[in-house]
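Listed here are the chains, written in short residue letters.
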Amino acid sequence: MSAPLDLALEVSGAVKRYGDTSAIANVDLALSGNDILALVGPSGCGKTTLLRSIAGLHRLDEGFINIGGKTVDDSRRFLAPERRNVGLVFQDSMLFPHLSVAANVAFGIRNHDRSEVKRQVAEALEVVELHNHHTRFPHELSGGERQRAALARALAPRPSLMLLDEPFASLDANLRIQLRRHVVGALKATNTPAVFVTHDQGEAMATGDQIAVMRRGRIEQLDIPYGVFHQPVNRFVASFMGQAAFLAISNAANGPSTALGPIETQYPNSSVAMLRPDDVVFIPDEHGSAIVQHTEFRGLTWWCTVELAHGEQVLSTRSHIDPVPVGTQGRVELTPGHRQVPIANEQ
Amino acid sequence: MPAPDMLPRVAQPSGEAKVVSIGLADRISNWSWPTLSWLSAFLIVTPVAFLATSIISPSTEVWRQQWDTRLPGELANTIILLIGVSVGSLVLGCSLAWLTSAYRFPGSKLFGWLLIAPLAMPTYVLGFVTLSVLGFTGPIQGWWRAQFGAEAWFPDIRSMGGAIVVFTMVLYPYVYLLARAALRDQAGGAYSVARSLGAGPVEAARRVVLPQLRPAIAAGTAIVMMETLTDFATVQYFDVNTISVGVFRIWRHTFDRDAASEFATLVLAFALVVIGLERVLRGRARFGEAGGKAAGIMPRALHGGRAAAATIACTSALAVGFFLPTAQLIVWAIQRAGSDNATPVTERFWEFLQNSLLLAGVTATVCVVVAVVVANAARFGNRSTSLATRLTSVGYAVPGPVVAMGVVLALAAINEALGSVGLGLPGVVATGSFIALVYAYSVRFVAPAISSVESGLAQIPMEMTASARSLGLRPARIVARIHLPLAKTSLLTGAVLVIVDSVKELPIVLLLRPFGLDTLSVWTYNLATESRFEQAALPALAIVAVTLIPVALLSRQLADSSVQTDLSDSVSK
């Protein structure tokens, strides 16, 4: 089986069953260049199973996987993980506790020339900015340093694909942001394509060049971050990626429209309009028919839940310097330049 | 490992040799883990399978003869002994576990871990010490008669009752250990809740704690019954002829392999009944399954007479099960060392010790290697390997006489098979040889090695193994560079457990030992059978000393965990 050489990863028709349930059901995806693909989805959606299939920790029941143009898993052949040339980073660093950081990083380097190994170790630790930690042992590192060391270890053998399974999940919020810049920087610097599993939508959008949103073993949408957030293919993707309000579309004589005005929709039937909180402006007006039901302070902005005349609700953000009390009457409008996004009304 | 020429030949274009050799290694590692683990399972199960199938063609004559003579009595004895010992151990073990967990009294913390000390006392040693001290010719009865006249009544020690007491005093720690662990890990929270709902301590214990302890108690009692079933030395001292004694008698007197094996299937049947009982008692609950780690029971302080009674109860159990017999052995050993007829015995002591340690060492090595293979195979192999692992552990649930006769049958079959291709083994290999002994010991004792290596391996996350694999290392190299260094403590623990079991072991070595190969346990047994109790003291002490090692390790663990509980208690306050 030959695959286009520029594809770093190609998964096609992948199925993995556990008993009667399909952990992954007919997944296709492709990754090229040095792209980072973020796999997101609710827990149990199959994202980790998919990652493990790519790593070779188990075999697919159907479909095939190519890594760097080489078939590693199909009905006829199955390449053991040690022969796939992929790097793996887990939530907990999984550094070998009885080896120093340098020995951990050297672990996967196949080279008989000692000085060359040493050079590669130094290089890998340089990339993750741990050059002063060669002789430390894993228990002497902080959580973030451990994850960086784990990344250095996985990068050192120059893998053709990096696989990261919730690599920041065990760290606190501020460290996560810092570390993910580090990791993305290191992956780009070494020109390594990667698949990155996370349950955090924000992290996925900040990290991925591409995002695959998974549900019940299937990829619901594979797109650039802007696409999955602002042009979701269905209601599940829309609400999974971030908070949104959905308004019914009615077919009036002058075309389809919602409570916020006319809308262009490519879906003839059963579609709704998605509105992100920043798409809606609330204008206080004592004659208005909309009422502020609830407000929530989010730091940069206020998030207001506004009930419209006929009972539908929308979310609307306001500047932190411009709060409105609950019960304020007013009207809602589309933010200038924004539009209502029609999406398939499927849960 | 397979011979290299069994592997498919691979064309080796020059210059690509390295690539091809990786492919070859890969091919081996893909099937070698399941294969090796199934091979281990096969070797372990074969003797038991041979024995079980020997009943298919029973020699009716033997059975009829046995049935007419000893068999009914032996069956009755076995059943009475099993019931007596399990009831005794259950009551004693549970009471002591409850006493040391739920109450505070002078020494309660110390007793908590010290009460397992009788595990270091082989039954046959306590058996002969008891007989010599309390028996008709012993000092106690002599004194009794001097006080109250020659006809004064004294309970008959050499009896079923005496045997039951001796077994109970040595075996109760199995129930005690598991019950105590369950009390600490599981029942504590439920007990507190029951008390807060208005139940008194007794009612809470009966309605909430006991049902939760049931799986642990069932498991502990099953071990006690297995240990009782496997014994045929102690029961002989006490004149209680069980079916295990029957196997021994037939084999040693007639060397009739088939008759002895068929008889051993009876022992196997009893073992299966015990396993079945344990399953039924356990119900759908699992031992060690907790609904989250709950706090232990808060011990309540006892005062005055009740505190004294508790201390006395624990002290007596310990004294009878361990300290008094040990003290007696030490006294005898010292007395003998000074006397004339001690010299020849002491000279041979080193030889016996050497035999015991050699046998134990070789067995431990075999067991740990097998354990490393099957435990790692479960991680690298396919799903079938976990079944193989469980099969490999089956020997621990098979009584010694069964294993011994099974090995005799298996080796005889191998001998025959080799003979048919003109390669006969030397005759002794099949009946009594060092190899046969090591084989039988390994079948019986590989299970503790496997479970300790498995628990060591379980400390290494699957993800760590996966990381190592993705870094390009083959499973065998991962075992060598990651698994073994990280699990070396558990390897050592496994080896120690096997060594201790082997040094203590008596039934198998009595059945299978090659002529002239005497171990400490055989020597002890022989001297004790001839009522030369004082001379038996030295080897018996040596066995107790070896057995103390793991018991001390276990005690320290128990003590540590109680310290931890105390710490967390004081933190939460």
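Residue positions within a chain follow its written sequence, with the count starting from 1. Following the order in which they are written, the chains are lettered starting with A and the ligands numbered starting with 1. For a predicted model such as this one, the threshold for reporting local features is a pLDDT of at least 70, and the threshold for listing and counting side-chain atom pairs is 80 or more; totals across whole chains, interfaces and linings nevertheless cover every residue. With hydrogens and water stripped out, all remaining heavy atoms of the structure feed into the side-chain values.

(A) A look at the domain arrangement of chain A. Residues and elements named next belong to chain A. Those domain boundaries reflect an automatic or database domain assignment. What the domain assignment lists for chain A is domain 1 (7-233) and domain 2 (243-343). Computed over C-alpha atoms, the centres of domain 1 and domain 2 are 39 Å apart. The contact criterion used is simple: two residues touch if any of their non-hydrogen atoms lie within 4.5 Å. If you look at the interface, domain 1 gives 5 residues, while domain 2 gives 5 residues. Carbon and sulfur atoms supply 54% of the area that domain 1 and domain 2 bury against each other, a total of about 450 Å² over both sides. Once two parts are put together, the accessible area they lose, assessed with a 1.4 Å probe and summed over both, is termed the buried area. Counting the surface domain 1 buries against domain 2, the share from its top three residues, Phe229, His230 and Pro232, is 74%. Each reported salt bridge corresponds to a side-chain nitrogen of Lys or Arg within 4 Å of a carboxyl oxygen of Asp or Glu. The interface formed by domain 1 and domain 2 includes 0 salt bridges. Any pair of nitrogen or oxygen atoms within 3.5 Å is treated as a polar contact; in protein, a donor-acceptor pairing is required on top of that, and neighbouring residues in sequence qualify only through side-chain atoms on both sides. Applying the counting criterion to the domain 1 and domain 2 interface returns 1 residue pair in polar contact (both at pLDDT 80 or more).

(B) Region of the structure containing the confidence of the model for chain B. All names here are of chain B. As a per-residue measure, pLDDT reflects the predictor's confidence and takes values from 0 up to 100. Per-residue confidence for chain B gives a mean pLDDT of 80, with 85% of residues at or over 70. The way it works is that DSSP assigns letters per residue, a run of H or I at least four long becomes a helix, a run of E at least two long becomes a strand, and they are numbered from the N terminus. Element-level pLDDT for chain B is lowest in helix H16 (residues 427-431), with a mean of 51, against a maximum mean of 92 in helix H3 (residues 71-102). Taken together, the stretch residues 1-28 has pLDDT below 50 and engages in 18 contacts with residues farther than four places along the chain or on a different chain. Model confidence for the complex is summarised by a pTM of 0.79, with the ipTM given as 0.83.

(C) Molecular detail of helix H2 (residues 60-68) of chain B. Residue and element names in this part refer to chain B. Looking at H2, one finds that the buried residues are Val62, Trp63 and Gln66. Burial along H2 is one-sided: seen end-on, the buried residues are contained in an arc of 95°. In H2, those exposed residues whose orientation departs by more than 90 degrees from the buried face are Thr60, Glu61, Arg64 and Asp68. On its buried face, H2 is in contact with H3, helix H10 (243-254) and helix H11 (257-282). Three exposure classes are used, based on accessible area relative to the maximum for each residue type with a 1.4 Å probe and protein chains only: buried under 20%, partly exposed in between, and exposed over 50%. This arc is built from the directions going out from the helix axis to the C-beta atoms.

(D) Up close: the packing of aromatic side chains. Each pair of aromatic rings taken from Phe, Tyr and Trp, with Trp reduced to its six-membered ring, is defined by centres within 6.5 Å and is described as stacked if the planes are under 30 degrees apart, edge-to-face if over 60, and tilted in the remaining cases. What the rule picks out here adds up to 17 aromatic pairs over all chains. When the ring of Trp144 of chain B is compared with that of Phe148 of chain B, the centres are 4.7 Å apart and the planes differ by 55°; the resulting orientation is tilted. Of the two residues, Trp144 of chain B and Phe148 of chain B both sit in helix H6 (residues 139-148), 4 residues apart, roughly one turn of that helix. Given the relative accessible area of 51%, Phe148 of chain B is considered exposed. Connected via pairs of aromatic rings, a cluster forms that spans Trp143, Trp144, Phe148 and Phe154 of chain B. Over the ring of Trp303 of chain A we find Arg298 of chain A; its NZ or CZ atom is 3.9 Å from the centre of that ring. In this analysis the charged atom, NZ for Lys or CZ for Arg, is taken to sit over a ring once it is within 6 Å of the ring centre and within 35 degrees of the ring normal.

(E) Seen up close, the interface of chain A and chain B. Taken together, the contacts link 21 residues of chain A with 19 residues of chain B. Here chain A and chain B share an interface that buries about 2000 Å² over both sides, 64% of which is from carbon and sulfur atoms. It is Glu82, Met94 and Phe107 of chain A in chain A that bury the most area against chain B; as a group they hold 33% of the surface buried on that side. Where chain A packs against chain B, one counts 2 salt bridges.

(F) Quick peek at the pattern of salt bridges. Residues and elements named next belong to chain A. In the structure shown here, the tally under the stated rule is 19 salt bridges over all chains. The salt bridge involving Arg318 is made with Asp322; its shortest N-O contact spans 2.8 Å. Owing to a relative accessible area of 9%, Arg318 belongs among the buried residues under this scheme. Residues participating in the shared-partner salt-bridge network are Glu116, Arg119, Glu123 and Arg158.

(G) Broad picture of the environment of His338 of chain A. Residue and element names in this part refer to chain A. Checked against the element boundaries, His338 lands in the loop between strand S20 (329-334) and strand S21 (341-344). Linking His338 and Asp278, residues 60 residues apart in sequence, is a C-alpha distance of 8.7 Å. Those residues in contact with His338, other than ones at most four positions away along the chain, are Asp278 and Asp279. Looking at His338, its side chain comes within polar contact range of the main-chain oxygen of Asp278, at 3.5 Å.

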